[in-house]
Amino acid sequence: MNNIIIDLKSENNFAYEKLYQNNFHTISKFVQNNSGNQADAEDLFQDAMIVLVKKIQQKNFQLTASIDTYIYAICKNIWLKKCRDKNYELSIDEIQTFDFFNSVNNSIEYEKTYLERLKGYLLKITEHCNRLIQDFFLKGKTIEQIQKEFGYTTRHNAQNQKYKCMEQIKKMKEKEEKEEKEKNS
């Protein structure tokens, strides 16, 4: 993660390409699900890269979440702001004056508490599922890599096991929410 920030600071095009490959599909899907189109997603991603570069150039910048989470938060906040102000096109400088970075930081804080809860669920599921979920979601391994590393005979078997592991987490979450609801009743 630090290498990509160093590359971004030095304006290395490879870093931008890597961020684009890792994040654009998710950003595009988010925009298209929220009244936008492919061109809007491209513009939004470009705006987010400008914000990101300006932010990392600051001396006191400290990344407290993954770079992908940070980019998603930037994009989400810019896009939601644009949706609220449909008839008003914002520039990057104007975005910064609208308490933009506070909203990005709030999104990251929410993401951190979500990840903390997820890590708690991981401790409660089987060790096998814990490793599989961490490899897939936290380490970003492909289903093919998981199939090979875990010894599944087919891609379908690996996907099926991933689903079963996710169901374990879902049940833990539902149980926790039920207990919390009963506690507050």
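Structural data are supplied above this passage.
Heads up: these notes are all about the structure in this document. (Residues numbered from 1 in each chain as written. Predicted model: local features only at pLDDT ≥ 70, side-chain atom pairs only at ≥ 80, totals over all residues. Heavy atoms only, no water.)

### A look at the pattern of salt bridges
For the coordinates displayed, the defined rule picks out four salt bridges. Asp-47 is the salt-bridge partner of Lys-82, the closest N and O atoms lying 3.2 Å from each other. Separated by 35 residues along the polypeptide, Lys-82 in helix α4 (residues 67-84) and Asp-47 in helix α3 (residues 38-56) bring together distant segments of the chain. Taken individually, Lys-82 and Asp-47 each receive the classification buried, so the pair is uniform in this respect. Two residues, Lys-141 and Asp-135, come together in a salt bridge whose shortest N-O distance is 3.8 Å. In this structure Asp-135 comes out as buried when scored by relative accessible area, which is 7%. Among the charged side chains, a salt-bridge network with shared partners connects Asp-135, Lys-141 and Glu-149. (Salt bridge = Lys/Arg side-chain N within 4 Å of Asp/Glu carboxyl O. Helix = DSSP H or I, 4+ residues; strand = E, 2+ residues; numbered from the N terminus. Buried < 20%, exposed > 50% of the residue type's maximum accessible area, 1.4 Å probe, protein only.)

### Comments concerning the environment of His-128
Tracing the backbone shows His-128 in helix α7 (residues 127-138). Each C-alpha atom, one on His-128 and one on Gln-161, is 9.9 Å from the other, the two residues being 33 residues apart in sequence. Not counting the four nearest positions on each side in its chain, His-128 is found in contact with Phe-150, Tyr-152 and Gln-161. (Contact = heavy atoms within 4.5 Å.)

### Some words on a nonpolar patch on the surface
Taken together, the side chains of Phe-137, Leu-138 and Met-166 make up a nonpolar region of the molecular surface, amounting to roughly 270 Å² of accessible area. The topology assignment puts Leu-138 in helix α7. Given a relative accessible area of 40%, Leu-138 falls into the partly exposed group. (Patch = residues over 30% accessible without salt bridge, like charges linked within 9 Å, V, L, I, M, F, W, Y side chains within 5 Å. Areas by Shrake-Rupley, 256 points an atom, 1.4 Å probe, with all protein chains shown as cover.)

### Quick word on the packing of aromatic side chains
Applying the stated criterion across every chain yields a total of five aromatic pairs. Relative to Phe-24, the ring of Tyr-20 lies with its centre 4.7 Å away and its plane at 15 degrees, an arrangement referred to as stacked. Residue Tyr-20 and its partner Phe-24 are both found in helix α2 (residues 13-32); the two are separated by four residues, about one turn of the helix. Given a relative accessible area of 7%, Phe-24 falls into the buried group. With 5.6 Å between their ring centres and 85 degrees between their planes, Tyr-20 and Phe-45 make a pair best called edge-to-face. One end of the pair, Tyr-20, is in helix α2; the other, Phe-45, is in helix α3, and 25 residues separate them in sequence. Cluster of aromatic residues (ring-pair linked, three or more members): Tyr-20, Phe-24 and Phe-45. (Phe/Tyr/Trp six-rings, centres within 6.5 Å; stacked < 30°, edge-to-face > 60°.)

### Some points on helix α9 (residues 155-184)
Spanning 30 residues, α9 covers 43 Å between terminal C-alpha atoms, matching the ideal 44 Å at 1.5 Å per step. Along α9, the positions that sit buried rather than exposed are Ala-158, Gln-161, Lys-162, Cys-165 and Ile-169. (Expected span 1.5 Å × (residues − 1).)

### Regarding the state of the cysteines
If you walk through the whole model with that rule in mind, you get one disulfide. Across a sulfur-sulfur distance of 2.1 Å, Cys-129 and Cys-165 are joined as a disulfide pair. Taking the torsion about the sulfur-sulfur bond, which here is approximately -70 degrees, the covalent link between Cys-129 and Cys-165 counts as left-handed. Pair noted here: Cys-129 is in helix α7 and Cys-165 is in helix α9, with a separation of 36 residues, a long-range link. Cys-129 gets classed as buried once you look at its relative accessible area, which sits at 2%. Look at Cys-165 and you get buried, because its relative accessible area is 0%. (Disulfide = S-S within 2.5 Å.)

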